[in-house]
Amino acid sequence: RVRPVANAEALWRAKAPNEENEMATMVHRIRGAERARYQELEELLSQQDAILRNRKQVLRVDLPTAASGVTDLEEHSLDAEEQGVGFSVLELTSQTVREIETALRRLAVGEFGTCSDCQSRISAARLRALPFAALCLACQQKHDVDAAAGASQATTGWKERVALTHIAPHAH
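Residues numbered from 1 in each chain as written. Predicted model: local features only at pLDDT ≥ 70, side-chain atom pairs only at ≥ 80, totals over all residues. Heavy atoms only, no water.

**Points about the overall build of the protein**
Counting its regular elements, the protein contains four helices and zero strands. Along the protein, helices and strands appear, N-terminal first, in the series α-α-α-α. When burial is assessed residue by residue, the protein has 18% of its 172 residues classed as buried. Across the protein, contacts joining residues at least 24 apart in sequence account for 52% of those joining residues at least 6 apart. Summed over its atoms, the accessible surface of the protein is roughly 13300 Å², and 57% of this surface lies on carbon and sulfur atoms. (Helix = DSSP H or I, 4+ residues; strand = E, 2+ residues; numbered from the N terminus. Buried < 20%, exposed > 50% of the residue type's maximum accessible area, 1.4 Å probe, protein only. Contact = heavy atoms within 4.5 Å. Areas by Shrake-Rupley, 256 points an atom, 1.4 Å probe, with all protein chains shown as cover.)

What follows is the structure, encoded as structure tokens:
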């Protein structure tokens, strides 16, 4: 007759090497996935950095100068609008570069894929769509709503200040 405890111990001893191998295989896969993610982010960073440099160059070349001969107010307005759009795109590209650099730092310290706000896992689908996401979808939506509300308040405050400056003359 075999004691149940002895059978459990024998079974555990037989399984232990397999579990260690499985653990080593899993760690190897995770490290491989991290390396692949790191390479993907580095490539994305390189691409965005090249786009950023290109956009800066285009803006430098296309900046209107006093010698450009733009005398028509409408043409000047269109140039200014085009330049404003160019600066907005430049800022977005610059922000993307910063977010990718942050993702690389988060990957290096083992925080990649974890929401910066709520500490939950960021879904694989979100990371496929936005490889440098630092927030889960729910936290990102909350940030977007808060930012929109803040922008709305800032715009309202600006409009009120302009209206007040036109209504009440400045006392000098």
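**Observations regarding the state of the cysteines**
Scanning the model with the defined rule gives zero disulfides in all. Cysteine Cys136 remains unbridged, with the sulfur of Cys139 as its closest cysteine sulfur at 3.6 Å. (Disulfide = S-S within 2.5 Å.)

**Describing unusual backbone geometry**
Backbone geometry places Gln119, a non-glycine residue, at a positive phi of 65°. Here Gln119 shows up in the loop between helix 2 (73-108) and helix 3 (124-129).

**Some details on the pattern of salt bridges**
Opposite charge on two side chains lets them pair, provided their charged atoms get close. Applying the stated rule across the entire model yields five salt bridges. Note that Lys142 is salt-bridged to Asp146, the shortest N-O span being 3.0 Å. Of this pair, Lys142 and Asp146 both sit in helix 4 (residues 137-167), four residues apart, roughly one helical turn. You can call Lys142 exposed: its relative accessible area is 52%. Taking relative accessible area as the criterion, Asp146 reaches 44% and is therefore assigned partly exposed. (Salt bridge = Lys/Arg side-chain N within 4 Å of Asp/Glu carboxyl O.)

**Notes on the environment of Gln48**
Among the secondary structure elements, Gln48 is positioned in helix 1 (residues 4-62). In this structure, the C-alpha to C-alpha distance between Gln48 and Gln95, residues 47 residues apart in sequence, is 10.0 Å.

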